[in-house]
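Close look at the chain arrangement
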Amino acid sequence: MTETTESVKTTPLHALHVELGARMVPFAGYDMPVQYPLGILKEHQHTREKAGLFDVSHMGQVRLKPMGSTGTDPAAALETLVPGDITGLALGRTRYTLFLNEQGGILDDLMVTNAGDHLFLVVNAACKEQDIAHLRAKLAGLVEVEHLDDLALLALQGPLAAEVMARFVPEAATMKFMSCLTGRFNGLPVTLTRSGYTGEDGYEISCANHDAEAIARALLAESEVEAIGLGARDSLRLEAGLCLYGHDIDTTTTPVDGALEWTLPKRRRAEGGFPGHAVIVQQLADGASRRRVGIQPDGRQPAREHTDILDADGAKIGEITSGGFGPTAGTPVAMGYVDRAHSAIGTPVTLMVRGKPLPARVAALPFVAQRYYRG
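Residues numbered from 1 in each chain as written. Predicted model: local features only at pLDDT ≥ 70, side-chain atom pairs only at ≥ 80, totals over all residues. Heavy atoms only, no water.

**Observations regarding the overall build of the chain**
The helix and strand tally for the chain stands at nine helices and 19 strands. Taking 2.2 N^0.38 as the reference for a compact globule, 375 residues should give roughly 21 Å; the C-alpha atoms of the chain span a radius of gyration of 21 Å, in line with that estimate. In the chain, which comprises 375 residues, the proportion classed as buried is 55%. If you take every contact in the chain between residues at least 6 apart in sequence, the share linking residues at least 24 apart comes to 65%. (Helix = DSSP H or I, 4+ residues; strand = E, 2+ residues; numbered from the N terminus. Rg over C-alpha atoms; globule rule 2.2 N^0.38 Å. Buried < 20%, exposed > 50% of the residue type's maximum accessible area, 1.4 Å probe, protein only. Contact = heavy atoms within 4.5 Å.)

**Considerations on the pattern of salt bridges**
For the structure shown, the criterion picks out 19 salt bridges. Glutamate 146 serves as the salt-bridge partner of arginine 63, at 2.7 Å between the closest nitrogen and oxygen. With arginine 63 in strand E4 (residues 60-66) and glutamate 146 in strand E8 (residues 143-147), the pair connects residues that are 83 residues apart, well separated along the chain. Ionic pairing is found between aspartate 201 and arginine 194, a salt bridge with its closest N-O pair at 2.8 Å. Residue aspartate 201 is classed as buried on the basis of its relative accessible area, which comes to 8%. In this structure arginine 194 comes out as buried when scored by relative accessible area, which is 1%. By sharing partners, the salt bridges in this structure join Glu79, Asp85, Arg267, Arg268 and Glu271 into a single network. (Salt bridge = Lys/Arg side-chain N within 4 Å of Asp/Glu carboxyl O.)

**Topic: empty space enclosed by the protein**
To locate leftover empty space, one rolls a probe as large as a water molecule over the atoms. As enumerated under the stated definition, the model contains three cavities of 30 Å³ or more in all. Taken as a whole, the largest cavity spans an internal volume of roughly 80 Å³. What lines the largest cavity is Thr94, Met111, Thr113, Phe120, Val122, Leu153, Thr191, Thr193, Ser195, Glu204 and Ser206. Secondary-structure elements contributing two or more residues to the lining of the largest cavity are strand E6 (106-114), strand E7 (119-123), strand E11 (188-193) and strand E12 (202-208). Partitioned by chemical class, the residues of the lining of the largest cavity number four nonpolar, six polar and one charged. (1 Å grid on protein atoms, 1.4 Å probe; cavity = no way out; pocket = protein on both sides within 12 Å on 5 of 7 lines; lining within 4 Å. Points joined across faces, edges and corners; volume = space filled by probe spheres on them. Nonpolar A, V, L, I, M, F, W, Y, C, P; charged D, E, K, R; others polar.)

**Things to note about the pairing of strand E3 (residues 51-55)**
A large share of E3 lies buried, amounting to five of its five residues. The side-chain alternation of E3 yields two buried faces, one formed by Ala51, Leu53 and Asp55 and the other by Gly52 and Phe54. Pairing of E3 with strand E13 (residues 225-227), which is carried by three bridges, proceeds in the parallel orientation. In the strand pairing of E13, leucine 53 is matched with alanine 227. Pairing analysis gives four bridges linking E3 to strand E9 (residues 151-157), with the strands arranged antiparallel. In the strand pairing of E9, aspartate 55 is matched with leucine 154. (Pairing = 2+ DSSP bridges.)

**What to know about the packing of helix H2 (residues 40-49) against helix H7 (residues 230-239)**
Look at H2 against H7: their axes get within 8 Å of each other, and the N-to-C directions meet at 55°. One finds that H2 runs oblique with respect to H7. Two packed elements cross with a definite hand, and for H2 against H7 that hand is right-handed. Residues Ile40, Glu43, His44, Thr47 and Arg48 of H2 form the contact with H7, whose own contacting residues are Gly231, Ala232, Ser235, Leu236 and Glu239. Looking at side-chain class alone, the contact of H2 with H7 contains three nonpolar, four polar and three charged residues. (Axes fitted to C-alpha atoms, helices over the stretch in contact; angles between N-to-C directions. Parallel < 35°, antiparallel > 145°, perpendicular 65-115°, else oblique. Left-handed = near helix turned anticlockwise from the far one by under 90°.)

**Re the nonpolar core**
Ranked by internal contacts, the top residues of the largest apolar core, which has 32 residues, are Tyr96, Ile106 and Ile249. Sorting elements by how many residues they give to this core places strand E5 (residues 94-100) first, with three residues. Once residues lying within four places of it in the same chain are set aside, the contact partners of isoleucine 249 are Tyr96, Ile106, Asp109, Cys243, Leu244, Leu260 and Tyr337. Counting 28 residues, the second largest nonpolar core, distinct from the first, contains Leu181, Leu192, Ile215 and Ala218. (Core = buried A, V, L, I, M, F, W, Y, C linked by side-chain atoms within 4.5 Å.)

Now the structure itself:
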């Protein structure tokens, strides 16, 4: 957190966060709520049990559309930058995919929605400027890249999210997981996707900046909903085994290193046409030298990012990339990379926590079952 006060941006909900008593911290260039008076532990538990509201307006929202009447299909153009099946993405459906470099390294992870006459992208806050520059440079003359900085983004997450959302947008109740619709929330235009990053059912709500506060207040007025900060967002996604860009995946990790092979459909593996294809196909055939795995420490001591992972002989075999206490799991939980030879579930390892060896083992992900709505 090296941003100066002068350089930190705010979201349209900043005043509401302050009013609610949030503890604000610089994150990805924005002044963001890390927790509210309820506290991280209770915020986490509330989201798992009822519904939590997150401000994710710091994320980047982007529209890709043909350049003129004879422009290139945005889906075909985007496939030159990502390994996902975008041309096969049905109308109103959303897909998770990855921007890759020529070495197969991950530049960012993102969500892509087929909105009919355009593609709607959501990219990470810390990467959005470089992502937009990347799109504009690589797709110049093919598609129009529009940064939708006049839009805010909220996330309503938890097992009661659908019940709450249906009071305002009735058709939201029957949306399928990873689908999209445009509608009205108390008369205000919104775009909903049934998605999120907590492992729970829920929605992301894209709306005009000037409508964000009214929508947030309406949701928070519902008895099931509490405001949730970045602290609980991090513990929720870690329990769900979801990667945080810049920590669990980055330009030094490929989709195969990161156990993200499911983002590589059969057609794209065979046809290629995306950066790093040759490297990735080789890794799929031969295996990568290392693997992202779950790590389960013994006892109650969490292992944080950059903790060394050792084998039985004391040799370093990897490093923790995300770690902390899992309130729902009831134990410390972590993710990290280990040499492939030590990646089998149940493999005993040692973590060097504050200079002391801590027994642990390789564990299956996720630590807490994902509960996305399947319809």
